[in-house]
Amino acid sequence: MLAYRINEFDAPPSLETLDCPEPGPDQIKIRIRACGLNFADLLLQKGTYQDTPPLPFTPGLEVAGEVITCGTKVRNLTQGDRIAVFCGQGGLAQEGVFDANRAVRIPDSMSFEDAAALQVAYGTSHVALDHCAGLQPGETLLVTGAAGGVGLTAVEIGKLMGARVIAHARGAGKLEVARAAGADHLIEDAQDLRLAVKELGGADVVYDAVGGDVWKAAFRATNPGGRLLPIGFASGEVPQIPANHLLVKNLTVIGFYIGGYMKSHPEVMRSSIATLMEWHSEGRIHPHISHVLPLDRVTEGLELLRSRTSTGKVVITP
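As a starting point, this report considers the structure included with it. Predicted, not measured: the structure shown is a model, and the values here were computed from it.

What counts and how
Residues numbered from 1 in each chain as written. Predicted model: local features only at pLDDT ≥ 70, side-chain atom pairs only at ≥ 80, totals over all residues. Heavy atoms only, no water. Salt bridge = Lys/Arg side-chain N within 4 Å of Asp/Glu carboxyl O. Helix = DSSP H or I, 4+ residues; strand = E, 2+ residues; numbered from the N terminus. Buried < 20%, exposed > 50% of the residue type's maximum accessible area, 1.4 Å probe, protein only. Pairing = 2+ DSSP bridges. Contact = heavy atoms within 4.5 Å. Axes fitted to C-alpha atoms, helices over the stretch in contact; angles between N-to-C directions. Phe/Tyr/Trp six-rings, centres within 6.5 Å; stacked < 30°, edge-to-face > 60°. Lys NZ or Arg CZ within 6 Å of the ring centre and 35° of its normal. Parallel < 35°, antiparallel > 145°, perpendicular 65-115°, else oblique. Left-handed = near helix turned anticlockwise from the far one by under 90°. Nonpolar A, V, L, I, M, F, W, Y, C, P; charged D, E, K, R; others polar.

## Looking at the pattern of salt bridges
The full count for this structure, using the stated rule, is 14 salt bridges. A salt bridge links Arg-105 to Asp-81; the nearest nitrogen and oxygen atoms lie 2.9 Å apart. Note that Arg-105 is positioned in strand β7 (residues 103-105) and Asp-81 in the loop between β4 (62-70) and β5 (82-86), a separation of 24 residues in sequence. Taking the relative accessible area as the measure of exposure, Arg-105 reaches 47% and is therefore partly exposed. Judged by its relative accessible area of 14%, Asp-81 falls in the buried class. Its salt-bridge partner being Lys-159, residue Asp-184 comes within 2.6 Å of it at the nearest N-O pair. With Asp-184 in the loop between α4 (172-180) and β10 (185-188) and Lys-159 in helix α3 (residues 151-160), this pair connects stretches of sequence that are 25 residues apart. Here Asp-184 falls in the partly exposed class, since its relative accessible area comes to 33%. Through salt bridges with shared partners, a single ionic network connects Arg-31, Arg-33 and Glu-66.

Structure (structure tokens):
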């Protein structure tokens with residue numbers, strides 16, 4: 001099989017021919033039809049991601065495909081089943097072996113591309129906004145990086161949950177994508193974010209995928225009693241949080257990392273993904289995929305993420 005391999009950090013990765021191992025007793029081997037790219041794949045390439053495996057390895061956090069073979073203890077899946085797997089690594093290849101308890105069946109109405117694009121981005125936003133922040137109907141949700149892979153899903157899910165959604169993004173084109181996903185108000189990156197949000201009545205929940213100065217402005221625009229979710233740091237700057245301001249405004253900052261939840265609260269993640277699959281079948285959510293590329297163009301796909309020129313998801317089809 002062909003696989004996209006990282007053999008050295010901060011060095012060009014390579015497309016290599018490998019033998020795919022056979023699954024262990026609790027594992028499955030799948031033919032990978034689609035793999036969603038994530039900002040985490042850029043960090044994995046640099047060796048700075050919190051769950052970076054030892055070298056060499058194959059990146060790719062979320063896949064969809066068909067079961068080839070099952071381990072001897074796997075009872076709920078069989079050859080040919082269409083499944084999605086939040087795998088954490090190993091997705092950028094033609095085949096892969098993954099733990100069976102991470103697999104969920106794909107509805108017949110769902111494409112492999114949608115299934116690969118749904119898990120990390122929608123799973124992050126759904127669990128963060130519903131389970132962690134407890135977003136309520138009528139509250140105001142501010143989403144930064146609102147046209148990115150996770151930001152766009154936060155706009156869509158926030159609207160589904162009955163919130164008034166403010167989308168912040170770079171450029172009119174990206175803001176139009178956020179509007180199409182349900183955003184009620186649009187703020188361009190060049191605007192004064194704090195002032196613009198305050199003029200709209202402030203934010204009750206902040207979903208921030210950017211960090212840096214954007215976080216600082218969003219923090220200052222949060223209403224007393226608000227909740228803030230630091231989801232990512234696309235700006236490259238991890239913000240420092242002034243505890244005295246938390247105290248004075250009764251704010252709550254909620255850390256959320258989907259990979260950690262998959263390990264510590266797998267039942268929450270499985271329930272979330274099942275809900276998202278149901279919503280997709282009902283036509284309530286629509287994954288936005290701006291680029292679908294073959295395996296030999298992974299570098300191009302990652303550059304789309306690095307330059308922040310893509311919208312929604314970039315999907316690789318091995």
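## A word on the sheet that holds strand β8 (residues 140-144)
In spatial order, the strands read β10-β9-β8-β11-β12-β13; together these six strands make up an open sheet with parallel pairing. Edge positions in the open sheet fall to β10 and β13 (252-253), since each of these has one partner strand only. Pairing between β8 and strand β11 (residues 203-208): three bridges, direction parallel. Bridged to Leu-141 within β11 is Val-205. This element, α3, spans β8, β9 (164-169) and β11 of the sheet and lies at about 165° to β8. Relative to strand β12 (residues 222-230), helix α6 (residues 212-220) is tilted by about 150°, and along the sheet it contacts β8, β9, β11, β12 and β13.

## Describing the packing of aromatic side chains
In this structure the tally under the stated criterion is four aromatic pairs. Both rings, one in Trp-215 and one in Phe-219, keep their centres 6.1 Å apart while their planes meet at 40°; by these two values the pair is tilted. One end of the pair, Trp-215, and the other, Phe-219, are both in helix α6, four residues apart, so they sit about a helical turn from each other. A relative accessible area of 1% places Trp-215 in the buried class. On the basis of relative accessible area, Phe-219 is assigned to the buried category, the value being 5%. If you follow Arg-82 out to its NZ or CZ, it ends over the ring of Phe-112, 4.6 Å from the centre.

## A short note on the packing of helix α2 (residues 112-132) against α3
It is at 8 Å that the axes of α2 and α3 come closest, and there the two elements cross at 45°. One way to sum up the angle between α2 and α3 is to call them oblique. Seen from above, α2 lies across α3 with right-handed handedness. In this structure, α2 uses Ala-121, Tyr-122, Ser-125, His-126 and Leu-129 to contact α3, whose residues at the interface are Thr-153, Ala-154, Glu-156, Ile-157 and Gly-158. Residue composition of the contact of α2 with α3, grouped by class: five nonpolar, four polar and one charged.

## Observations regarding the environment of Ala-64
Tracing the backbone shows Ala-64 in strand β4. Here the alpha-carbon distance between Ala-64 and Ile-106, two residues 42 residues apart in the chain, equals 8.3 Å. In contact with Ala-64, other than residues within four places in its own chain, are Arg-31, Ile-32, Arg-33, Ala-34, Ile-83, Ala-84, Ile-106, Phe-112, Ala-115 and Ala-116.

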